[in-house]
Amino acid sequence: MNNDINNLSLDTLAASLSYAMGIEAPEKASQPCKALNEYVDKMFGGNKADRIFMYNPDAIAEWIYEKYPELMTEAKKYTDIEIPFCTVMPSVTPVCFGTMYTGAQPVVHGIRKYEKPVITIDTIFDALIRAGKKPVIVAETNCSLSKIYLERDMDYFIYDTIEEVNAKAAEIIVEDKYDFVVVYNGNYDHYMHKFGPEGLKPLTELKANSAAFGEFSVLVSKYWKNHNTLVGFAMDHGCHEIDGESGGHGLDMPEDLNIVHMYKAYPANESKKVYINTGASVVKTEKDMPYPRLCAHRGFNSVAPENSMPAFGAAVALGAEEIEFDIWSTSDGVIVSCHDNTLDRVSTGSGKITEHTHDELMSLDFGVKFGEKYKGLKIVTFEEILKKFAGRVIMNIHVKIWDTAAEDDKMEDIVSLIRKYGCAEYVYFMSGNDDKVRKIKEYAPDINVCLGAGKNAWGIVDRAITLGAKKVQLFKPYFNQEMIDKAHENGIICNVFWSDDPEEARKFREMGIDTILTNDYLNIYNALNG
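Cut-offs applied
Residues numbered from 1 in each chain as written. Predicted model: local features only at pLDDT ≥ 70, side-chain atom pairs only at ≥ 80, totals over all residues. Heavy atoms only, no water. Phe/Tyr/Trp six-rings, centres within 6.5 Å; stacked < 30°, edge-to-face > 60°. Helix = DSSP H or I, 4+ residues; strand = E, 2+ residues; numbered from the N terminus. Buried < 20%, exposed > 50% of the residue type's maximum accessible area, 1.4 Å probe, protein only. Lys NZ or Arg CZ within 6 Å of the ring centre and 35° of its normal. Patch = residues over 30% accessible without salt bridge, like charges linked within 9 Å, V, L, I, M, F, W, Y side chains within 5 Å. Areas by Shrake-Rupley, 256 points an atom, 1.4 Å probe, with all protein chains shown as cover. Salt bridge = Lys/Arg side-chain N within 4 Å of Asp/Glu carboxyl O. Pairing = 2+ DSSP bridges. pLDDT = per-residue confidence, 0-100. Contact = heavy atoms within 4.5 Å. Axes fitted to C-alpha atoms, helices over the stretch in contact; angles between N-to-C directions.

J.: So, the packing of aromatic side chains: which residues are in play, and what are the values?
T.: By the definition in use, this model includes 23 aromatic pairs. Taken together, a centroid distance of 6.1 Å and an interplanar angle of 75 degrees make the contact between Y101 and Y149 edge-to-face. With a gap of 48 residues between them, Y101 in the loop between α5 (93–100) and α6 (106–109) and Y149 in the loop between β3 (135–140) and β4 (155–159) connect regions that are remote in the sequence. The two residues Y101 and Y149 agree in class, both being buried. Relative to F195, the ring of Y191 lies with its centre 6.3 Å away and its plane at 10 degrees, an arrangement referred to as stacked. Taken together, the positions of Y191 and F195, both in helix α9 (residues 187–195) and 4 residues apart, correspond to about one turn of that helix. For F195, a relative accessible area of 45% translates into the label partly exposed. The structure contains a cluster of three or more aromatic residues connected by ring pairs, namely F53, Y55, F213, F216, W224 and F233. The aromatic ring of Y266 is capped on one face by K264, whose charged end is 5.4 Å from the ring centroid.

Printed below as a string of structure tokens:
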């Protein structure tokens, strides 16, 4: 363990981040960190960053970082430069984050103990706004970063759980509309205070922080490939063990003051060379995407309203191989996504979707019933989904236009939109009606069709063989091992609708299910991937 205090002060960071983006530093900021400035110049060839993504875990000390390198593998994998900083005193979260994004010492920015008032001096967020940039903070409820930088003309997304925070951060990367993104994760700090810096649970969360940073880095390199981007793994302070084997911080000692930040730059030209530069085609096709898979049913609908862009974006950003959604036609012929055929459960409207015009549907709120934070969310069209996610994920499209004449009339429009966005190889249709499956195959013989349970769930495999369907969507509990084995013997892929229970999902995998539909993507993903 290093018993010396690092020489480089954390108050140099704000000016360096400002330098990286080519904007004026906050008014009270100290001089920039020379090493970070030189790295940015080298990587961007003298140009500036268009995007900065700052991942802010809490309380990860330099000595923890050095003692447990195997837990930091993912973070190190996406790091070019490590910079040892000395944080500020007292080494508590609001004080240190206050310095990180103002560049000022505590006596200047005004927070000198564990309290969370809104900082009133100039900050990097103010500097970004003056320069016409769009900053955003994504953080946990009541944490320092959710409090001390409020009251700016910028966006804040505050959630109760780490899962919601990270899902939103991933969605933000996919959306690619913010220039400076700050994401806070306090999970290591939370358990460190309970079980000590080296307890099993906090070290598990340390690994989770490293993995989250790795996932965000992959997403940034993929979805921000047209930008010069700087990504940082930047904690606020360190920690030490106190009596009773719990953890603490706030003292003038190396354990609490010494931290190591990690950074990596993604030049735009380099990203274009690494990733496929053919529009949205950034994942394997339906034919080539390996199994087993997880399909986010109605998107990641446990954190955002079902069949919505936030739900789809969160699922795609977190790596779901498939998303599932349902489509209908409005009375004026616009294809929209909604699970129910009526509006009452999911919106502020009532009646059937097919009896309303698109403009009428757009006047309704499709988010407020999920929660106030989604108030004002509008219904999404099929074309909007394709435009955003074509080629970025496999789409399980449930065709739900019950009226046969209307479906015949609209299938041509549906297929035309798929071809317009070049994603015929990234989608498949799902229907539980045998006649509809035949008609869909006539309209688009090159697009896979999945047969749903319909009125004969136990006979689904035999029906699929007769129809020539390449997939079946088994409906629990109306299937068994014999049906799965028979499907596989006939070259038929087996989906199952659905599982949100980790134990059940593991059982389905053991039975040979190829794709599990789930409403709780992250929970089931974690269960199936250790």
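We are not done yet, so read on.
J.: Go over a nonpolar patch on the surface, please, and point to the residues and values.
T.: On the surface, W458, F475 and Y478 cluster together into a nonpolar patch covering about 320 Å² of accessible area. The topology assignment puts W458 in the loop between β16 (448–452) and α18 (460–467). Its relative accessible area of 48% is what places W458 among the partly exposed residues.

J.: So, the pairing of strand β10 (residues 293–297): which residues are in play, and what are the values?
T.: Within β10, 5 of the 5 residues are buried, which leaves the element mostly enclosed by the surrounding structure. On β10, burial covers both faces: R293, C295 and H297 on one face and L294 and A296 on the other are all buried. Pairing geometry for β10 and strand β19 (residues 515–518), over 4 bridges, is parallel. Bridge pairing links C295 to L517 in β19. As defined by bridge partners, β10 adjoins strand β11 (residues 322–329) across 3 bridges and the pair is classed as parallel. Bridged to C295 within β11 is E322.

J.: Which residues make up the confidence of the model for the protein chain, and what values go with them?
T.: Overall, the predicted model of the protein chain reaches an average pLDDT of 92, with 95% of residues at or above 70. Here residues 270–281 scores under 50 on pLDDT; set against residues more than four positions off or in separate chains, the count is 19 contacts.

J.: Residue-level account of the sheet that holds strand β9 (residues 258–266), with values.
T.: A sheet is described by the order of its strands in space; here 7 strands give the open sequence β2-β9-β6-β1-β5-β3-β4, paired in mixed fashion. Each edge of the open sheet is held by one strand with a lone partner, namely β2 (81–86) and β4. Ignoring strand direction, the axes of neighbouring strands in this sheet form an average angle of 15 degrees. Where β3 meets β4, 5 bridges bridge the pair, whose relative direction is parallel. Residue pairing for β4: V138 is matched across the bridge by F157. Relative to strand β1 (residues 51–57), helix α1 (residues 13–21) is tilted by about 155 degrees, and along the sheet it contacts β1, β2, β5 (180–185), β6 (229–233) and β9.

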